[in-house]
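Spelled out from the first residue to the last, the chains are:
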Amino acid sequence: RTVYVNGDYLPEEEAKISVFDRGFLFADAVYEVTSVLSGKLVDFAAHMKRLERSLSELKMTRPASEADLLAIHRELVARNGIDEGLVYMQVGRGAADRDFLFPPEDTKPSLVLFTQAMGLRDKPAGRTGIKVASVPDLRWGRRDIKTVQLLYPSIAKTEAKAKGADDAWLVEDGMVTEGTSNNAYILTEDGALVTRALSHAILHGITRAAVLRMAKEDGLRIEERSFTLDEAKRAKEAFITSASAFVLPVVEIDGLTLGDGTPGPVARRLREIYLAEAERTAI
Ligand code: PLP
């Protein structure tokens, strides 16, 4: 596989980053994951906009123009022959002698990209749904910034797996924040689509924005508010969204089956609408 590291396209075995890279030492880096459908990038402009925001919140230097980043994404997709899968892009503050203080502003930011070929559209979970288990949300207070500090989500997903679930739903003060790498939704008995409002408590999902827009256009009533784990367990349906999962139905929460244990009609419909739109607008 060919990867991109600081200006070079290299076979992955030859790619190197500095031992002093602050992404490695301090998790001082941000990232984006863009999905690829039929060799094209889904919602690329929105990912760039969020990257811009993450960089500016952390006073990090942008490593290349949006046009250059698009060209690198496309080049990697082409070189690796990706028809369906993901492009991972990481931007870091760069390499500097180890110090908690930020290095001088002229430190060269680091830029790493790689691809992952994988089936996204037809994965079995789209038909069967997934199981989630609740895990306390012990992440830091700026989850709206997409940093590579992913140790806690990784612990949480592993804990959820040990409980027989596919992913965790993180819970803070009795309220569901989001999944380990996705946003969380429920459909109430009276037909409202509920998802947590944007704040520092959750990542502002690109797929979340797109799905809410489509759900609204499709006539659903949207309530952007917090919901408890108990409300979720009593919900008619539940699902998650992310760039790699699109819309995935949730059929079980903490061992409790939702409805008849199969994906609900709203989640299935939104998955279809999202996929069609993503395919149509990919660049
Ligand atoms: N929430 C968290 C914590 C995430 O890490 C992600 C994606 O990685 C999401 C939500 C979903 O965001 P997006 O739809 O932009 O992939």
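Numbers given for residues are sequential positions, taken from 1 along each chain in its written order. Thresholds applied to this predicted model are a pLDDT of at least 70 for local features of residues and 80 or more for the giving and counting of side-chain atom pairs; totals over whole chains, interfaces and linings are not thresholded and use all residues.

## With respect to the sheet that holds strand S2 (residues 8-11)
An order of S2-S1-S6-S5-S3-S4 is seen for the six strands of this open sheet, with the pairing classed as antiparallel. Each having just a single partner strand, S2 and strand S4 (40-41) make up the two edges of the open sheet. By definition, two strands form a pair when at least two bridges between them are found by DSSP. Secondary structure is summarised from DSSP: a helix means a run of H or I of at least four residues, a strand means a run of E of at least two, and numbering begins at the N terminus for each. Two strands pair when backbone bridges link them, and strand S5 (residues 85-92) and strand S6 (residues 110-117) are joined in this way by eight bridges, in the antiparallel orientation. Looking at S6, one finds that valine 91 is bridged to leucine 111. Running at roughly 35° to S6, helix H3 (residues 66-79) makes contact with strand S1 (2-5), S2, strand S3 (29-37), S4, S5 and S6 of the sheet. Note that contacts rest on C-beta atoms placed from the backbone: two residues are in contact if these are within 7 Å. Interaxial angles span 0 to 180 degrees and are taken between N-to-C directions of axes, which are lines fitted to C-alpha atoms, for helices over the stretch in contact.

## Description of unusual backbone geometry
Although it is not a glycine, aspartate 43 adopts a positive phi angle of roughly 55°. Tracing the backbone through its elements, the reader meets aspartate 43 in the loop between S4 and helix H2 (44-57). A positive phi angle, close to 50°, is found at aspartate 173, a residue other than glycine. Along the polypeptide, aspartate 173 turns up in the loop between strand S8 (167-172) and strand S9 (175-179).

## Description of the site of the ligand
Near the ligand, the surroundings consist of 13 residues, among which Leu203, Gly205, Ile206, Thr207 and Ala243 are the closest. Breaking the shell around the ligand down by element, the ones donating at least two residues are helix H6 (206-217) and strand S13 (237-242). Counting residues per element, the shell around the ligand draws most heavily on H6, at three residues. Three classes are used: nonpolar for Ala, Val, Leu, Ile, Met, Phe, Trp, Tyr, Cys and Pro, charged for Asp, Glu, Lys and Arg, and polar for all others, with Gly counted as polar. Of the residues in the shell around the ligand, the class split is four nonpolar, seven polar and two charged. We count a residue as near a molecule or strand when its backbone-placed C-beta atom lies within 6 Å of that partner.

## Regarding the confidence of the model for the chain
On a scale of 0 to 100, pLDDT captures the predictor's confidence in every residue. For the chain, the mean per-residue pLDDT works out to 97, and 100% of the residues sit at or above 70. As scored by the predictor, the complex reaches a pTM of 0.97 and an ipTM of 0.99.

## Some thoughts on the packing of H6 against helix H8 (residues 265-281)
Each pair of packed helices can be described by the angle between their axes along with the distance between the axes. Between H6 and H8, the least distance of the axes is 10 Å, while the angle of their chain directions is 115°. Viewed along their axes, H6 and H8 adopt a mutual orientation that is roughly perpendicular. In terms of crossing hand, the pair formed by H6 and H8 is right-handed. On H8, the residues that touch Ala210, Val211, Met214 and Ala215 of H6 are Leu270, Ile273, Tyr274 and Glu277. Broken down by class, the residue content of the contact of H6 with H8 amounts to seven nonpolar, no polar and one charged. Any angle that falls under 35 degrees is termed roughly parallel, while one over 145 is termed roughly antiparallel, one within 65 to 115 roughly perpendicular, and all others oblique. Working rule for handedness: look at the near helix, and if it is turned counterclockwise from the far one by less than a right angle, call the crossing left-handed; if clockwise, right-handed.

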